[in-house]
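Residue-level structure breakdown
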Amino acid sequence: MAQEDVFRKLVAHCKEYGYVFPSSEIYDGLSAVYDYGQYGVELKNNIRKYWWDSMVLLNDNIVGIDSAIFMHPSVWKASGHVDAFNDPLIDNRDSKKRYRADMLIEEHVLKMEEKVAREVEKARERFGTAFDEKKFRETNQCVLATQSKIDDLNRRLAKAMNETDLAELRQIIIDNEIVCPVSGSRNWTDVRQFNLMFSTEMGSTLEGSSRIYLRPETAQGIFVNFHNVQKTGRMKIPFGIAQVGKAFRNEIVARQFIFRMREFEQMEMQFFVRPGTELDWFRHWKDIRMRWHTALGFGEANYRFHDHTKLAHYANAATDIEYRFPFGFREVEGIHSRTDYDLKQHQQYSGKKMQYFDPEKGESYIPFVVETSIGLDRMFLQVIAAAYTEEELRKEDGSADMRILLRLPACLAPVKLAVMPLVKKDGLPEIAEKIVHTLRFDFNCQYDDKDSIGRRYRRQDAIGTPYCITIDHQTVEDDTVTIRYRDSMEQERVNIRSLKDIISEKVSIGALLKKL
Ligand code: GAP
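Residues numbered from 1 in each chain as written. Predicted model: local features only at pLDDT ≥ 70, side-chain atom pairs only at ≥ 80, totals over all residues. Heavy atoms only, no water.

Topic: the overall build of the chain
Where we set the bar: Helix and strand assignments follow DSSP, with helices taken as H or I runs no shorter than four residues and strands as E runs no shorter than two, numbered in order from the N terminus. Whether a residue is buried, partly exposed or exposed follows from its accessible area with a 1.4 Å probe, protein chains only, as a fraction of its type maximum: under 20%, in between, or over 50%, in that order. Residues are treated as being in contact if the distance between any of their heavy atoms lies within 4.5 Å. Using a 1.4 Å probe, the Shrake-Rupley method yields the accessible areas, and only the shown protein chains count as cover for residues. For the purpose of counting charges, residues Lys and Arg are taken to be positive, whereas Asp and Glu are taken to be negative. His and the chain ends are not included. By convention, the charge on Lys lies at NZ, on Arg at CZ, on Asp at CG and on Glu at CD.
Across its full length, the chain holds 18 helices and 23 strands. Along the first, second and third principal axes, the C-alpha set of the chain runs to 75 × 65 × 55 Å. Burial analysis of the chain (516 residues in total) assigns 48% to the buried set. The long-range share in the chain, meaning contacts at least 24 apart out of those at least 6 apart in sequence, stands at 65%. On the chain, roughly 25,800 Å² of surface is accessible, and the fraction owed to carbon and sulfur atoms is 49%. Taken together, the 75 basic and 79 acidic charged side chains of the chain have centroids lying 2 Å from each other.

Laid out in C-alpha cells, this is it:
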C-alpha cells in the first residue's frame, strides 16, 4: 500500500477510535489545531511521563518547572523572536495558495532524491546480489547529474536562508521551474517575511494595554528562571531545568495532521554547563536522547541523526533526531548547543546579572547551554505511526480477514487491560467487575461486555490494549481466567490472583526507564 494511503488511514483511525479530533469540528474545524480524545489524552500523558521521569527522576541534577505562557514582551525582543522568528512566504497568484518558499524548494529537492532512489532500486533489481550501491551512485551518469543538481540547489538554498536573501529564494523557484501544486502555474509573488508569533493585548483599556505574545517555545521560561532555580535549589553546574508546556506558532504551511500545528506542546530541557565543555555535553545528550527513542522498540533503523551544517548564529552545534514517518524521515527532536547566547541577551535586556559563581573554579561566568527539545504532539504522531499495523489473518476456511491494531508499547498504551465476561449471565459480569474494581488502582482497566468476544478483541486491538482478560464458566469453578496478548493473539490460562503481577511488570514506565 502506498505510504500516503497508510497515513490517510492512520488519521482516520485516530478519529474513529477517540485519539485525535479536529478542533471545533462541528464548525468545520480550525486549521492545524486538534483536540485529543479519551484515548489520545491517555497516550499523551504516558509519553509526557516517560519524558519527564527520564529527565527529572533519573537525574539528580535536573529539576522541573512550569512557567507561564504569557511573558514580558521584552523576553521575545531579547531572544530574537520579534525580529527574526520569520518564515519566507510566497503566494501563487492563480491558486491564491500560500507556501513557505524554503519548503517549496526542499520538496523539489526531495522529488529529485526520490528519482535517484528509484534509479538505485531499478539497478538493484537488475543486478541482484552482485549490486554495489556505492559504485553505482559514483558512476551512473543519470544519478551523478541529478545528484549534482541536488547539491547545487541545497547550497543555493542554504546561502539564501543564511543571508535572508528573499529575492534569491524567489529566483531559485523560478530557475528550477517549481510550480504551484494546486494550480500547476509559475505565477509567483515576491517572497516576504512572516513572523510566526501570535500576539494579543493584555490590559482592559486601549491606552493601558500592551502587546504580548503567546510563547513560541517553552525554553525562554527556563532561561528567565535560571537564577531562581539555581539559587533556591542550590544547583551546581552542570545542571538542567526541564519543562513541558504549550507553545504557539502561526505556521504558514500547517500540514500532515499533528506534525505541524499552530498550538502544540513542547518538552524541553536546558542543560547549563561550564563554557568550553558544551560540545562534550552536546554529544552526551545526543546519545541519551537517541537511547530514549530506541528503547521504545520501534527499530533502530527507523531513526537517524541529521546534523546541521547551517547553524543559527547563536549555536555552535545542532542536530535533529529524525524518524521514518510514512511521508519520509522527519525531525522529531532537536538537540542544540546554544552557547551563552540566551542568558547573555537576557542579561543585556533586563539589566540583571545572569552569571554563575563556580566554587570549584573560583570565578563567575555566564553558563553555556545544551538544549534538548521535542514536540509532545510530534512524538505522539511518531508513536502512533509506528504502532499502526494492518495484519492479514488466515481463517480456518482459508479466507482472509484484516486485523487493525496499534502495537503500542504496553507502558504507553491508554488502556492496559480489558476485562470481558464471556456472557452477560451466570455471575460472569460480577466476577469481571470485581477484577476491574481491584486492578483499577494499579492501571487503566476497561470493562467490556458488548458484542461477541471476537469483536471485543478487535476493538481492543484497534485501541492498542495489550491485554484482554476473559471470564468464562471455568472461572466460577477454579478462579482462573484467560489472558490474551494483543500482538501474538496467544492466550493462556492464569489465576486471577496472579493478574496484577503479570501485568504490572509489563506496563510500568519504570521498567522502560531501567533500559535507559
Ligand atoms: N527551543 C528550541 C525549539 O523550539 P524547534 O526545532 O523550533 O526548537 C523543537 O522545535 C521541537 O518542537 C521540534 O523538533 C518539534 O518536535 C516540535 N515542533 C516545532 N514546531 C512544531 C509545530 N508547529 N507543531 C508541532 N510540533 C512542533
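Some thoughts on the packing of aromatic side chains
Selection criterion: Centre distance within 6.5 Å is the pairing criterion for rings of Phe, Tyr and Trp, where only the six-membered ring of Trp is used; planes under 30 degrees apart are then read as stacked, over 60 as edge-to-face, and the remainder as tilted. Charges are assigned to positions over rings by a cutoff of 6 Å between ring centre and Lys NZ or Arg CZ, combined with an angular limit of 35 degrees from the ring normal.
Throughout the structure, instances matching the rule amount to 24 aromatic pairs. Aromatic side chains Phe-7 and Phe-327 sit 5.0 Å apart centroid to centroid with 85° between the ring planes, which places their arrangement in the edge-to-face category. In this pair, Phe-7 is assigned in helix H1 (residues 3-16) and Phe-327 in the loop between strand S12 (317-325) and strand S13 (328-337), connecting sequence segments 320 residues apart. Like Phe-327, Phe-7 is buried. Summarising the aromatic geometry, the rings of Phe-271 and Trp-285 are spaced 5.4 Å apart at their centres and angled 65° between planes, so their arrangement reads as edge-to-face. Of this pair, Phe-271 sits in strand S10 (residues 263-273) while Trp-285 sits in helix H11 (residues 278-294), and the two are 14 residues apart along the sequence. Here the two residues Phe-271 and Trp-285 agree in accessibility, since each one is buried. An aromatic cluster is present here, built from Phe-7, Phe-259, Tyr-303, Tyr-323, Phe-325 and Phe-327 joined pairwise through their rings. For Arg-289, the ring lying beneath its charged end belongs to Trp-292, and the centroid distance is 4.3 Å. In this structure, Arg-484 is placed above the aromatic ring of Tyr-457, and the distance from its NZ or CZ to the ring centre is 4.4 Å.

Examining the domain arrangement of the chain
Under the convention used in this document: As used throughout, domain bounds are those supplied by an automatic or database domain assignment. Once two parts are put together, the accessible area they lose, assessed with a 1.4 Å probe and summed over both, is termed the buried area. We count a salt bridge whenever a side-chain nitrogen from Lys or Arg sits within 4 Å of a carboxyl oxygen from Asp or Glu. Any N or O atom pair separated by 3.5 Å or less is treated as a polar contact, with the protein-specific requirement of one donor-capable and one acceptor-capable atom, and with residues adjacent in sequence counted only for side-chain atom pairs. For this classification, the nonpolar set comprises Ala, Val, Leu, Ile, Met, Phe, Trp, Tyr, Cys and Pro, the charged set comprises Asp, Glu, Lys and Arg, and every other residue, Gly included, is treated as polar.
Examined at the domain level, the chain breaks down into domain 1 (1-71 + 196-406), domain 2 (86-194) and domain 3 (410-513). If you average the C-alpha positions of domain 1 and of domain 2, the two centres end up 28 Å apart. Both sides of the domain 1 and domain 2 interface together cover about 920 Å² of buried area, and 61% of this is carbon and sulfur. The largest share of the area that domain 1 buries against domain 2 comes from Leu-196, Ile-252 and Lys-310, three residues that together contribute 58% of it. The interface formed by domain 1 and domain 2 includes zero salt bridges. Counting every contact that joins domain 1 to domain 2 gives zero residue pairs in polar contact (both at pLDDT 80 or more). When grouped by side-chain class, the residues that make up the side of domain 1 that touches domain 2 number four nonpolar, one polar and five charged.

Some thoughts on the site of the ligand
The following threshold applies: A cutoff of 4 Å decides nearness: a residue is near a molecule or strand if any of its heavy atoms lies inside that distance of it.
The local shell around the ligand holds 21 residues, among which Glu-217, Met-261, Glu-268, Glu-331 and Val-332 are the closest. In this structure, an oxygen atom belonging to the ligand sits 2.6 Å away from a side-chain N or O atom of Glu-331. Computed on the free molecule, the ligand has an accessible area of 560 Å², of which 91% lies beneath the protein chains in the complex. When residues of the shell around the ligand are traced back to their parent elements, those giving at least two are S10, S13 and strand S16 (368-375). When residues in the shell around the ligand are grouped by element, the largest group, five residues, is from S13. Broken down by class, the residue content of the shell around the ligand amounts to six nonpolar, five polar and 10 charged.

Structural notes on the sheet that holds strand S19 (residues 417-421)
For clarity, the cut-off: Two strands are counted as paired when DSSP detects at least two bridges linking them. To define axes, lines are fitted to C-alpha atoms, for helices over the stretch in contact only, and angles between the resulting N-to-C directions are given on a 0 to 180 degree scale.
Pairing is mixed in the open sheet, where five strands are placed in the order S20-S19-S21-S22-S23. If you trace the sheet from one side to the other, it starts and ends with strand S20 (445-447) and strand S23 (491-495), each paired once. For this sheet, the mean angle separating the axes of adjacent strands, direction not counted, is 25°. Alignment of S19 against strand S21 (residues 467-471), held across five bridges, turns out to be parallel. Paired with Met-420 across the bridge in S21 is Thr-470. Across the sheet, helix H14 (residues 428-439) touches S19, S20, S21 and strand S22 (480-485), and the angle it forms with S19 is around 160°. On top of the sheet, helix H15 (residues 453-463) reaches S19, S20, S21, S22 and S23; it is set at about 170° to S19, its chief contact.

As for unusual backbone geometry
That bond from Ile-237 to Pro-238 is cis: its omega, 10°, falls within 30 degrees of zero. Within the secondary structure, Pro-238 sits in the loop between helix H10 (226-232) and strand S9 (239-248). A positive phi angle, close to 55°, is found at Glu-177, a residue other than glycine. Along the chain, Glu-177 turns up in the loop between helix H8 (166-175) and strand S6 (192-195).

Some points on the packing of helix H5 (residues 101-127) against H8
Test applied: When the near helix sits turned anticlockwise from the far one by under a right angle, the crossing is termed left-handed; a clockwise turn instead gives a right-handed crossing.
Viewed as axis vectors pointing N to C, H5 and H8 meet at an angle of 35°, and their least axial separation amounts to 10 Å. When you trace H5 past H8, the crossing you get is left-handed. The residues of H8 that touch H5, namely those facing Ala-101, Leu-104 and Ile-105, are Leu-169, Ile-172 and Ile-173.

Considering the packing of H1 against helix H13 (residues 376-387)
The relative placement of two packed helices comes down to the angle between their axes together with the axis-to-axis distance. Worth spelling out the cut-off: Any angle that falls under 35 degrees is termed roughly parallel, while one over 145 is termed roughly antiparallel, one within 65 to 115 roughly perpendicular, and all others oblique.
The contact between H1 and H13 brings their axes to 11 Å, and the two run at 110°. One element, H1, and the other, H13, form an angle in the roughly perpendicular class. Where H1 abuts H13, its residues Phe-7, Leu-10 and Cys-14 lie against Leu-381, Ile-384 and Ala-385.

Here we look at the side chain of Thr-480
Within the secondary structure, Thr-480 sits in strand S22. A residue is classified by how much of its surface remains accessible, and Thr-480, at 14% relative accessible area, is buried. A polar contact of 2.8 Å, which involves the side chain of Thr-480, links it to the side chain of Arg-493.

Let's talk about the sheet that holds strand S5 (residues 98-100)
Spatially, the three strands line up as an open sheet ordered S5-S4-S6, and their pairing is antiparallel. Where the open sheet ends on each side, the last strands, each with one partner, are S5 and S6. Averaged over all pairs of adjacent strands, the angle between their axes in this sheet comes to 45°, without regard to strand direction. Relative to S6, strand S4 (residues 86-91) is paired through four bridges, and the arrangement is antiparallel. In the strand pairing of S6, Leu-89 is matched with Arg-192. Across the sheet, H5 touches S4 and S5, and the angle it forms with S5 is around 70°. Of the strands in this sheet, S4 and S6 touch H8, which is tilted by about 45° from S4.

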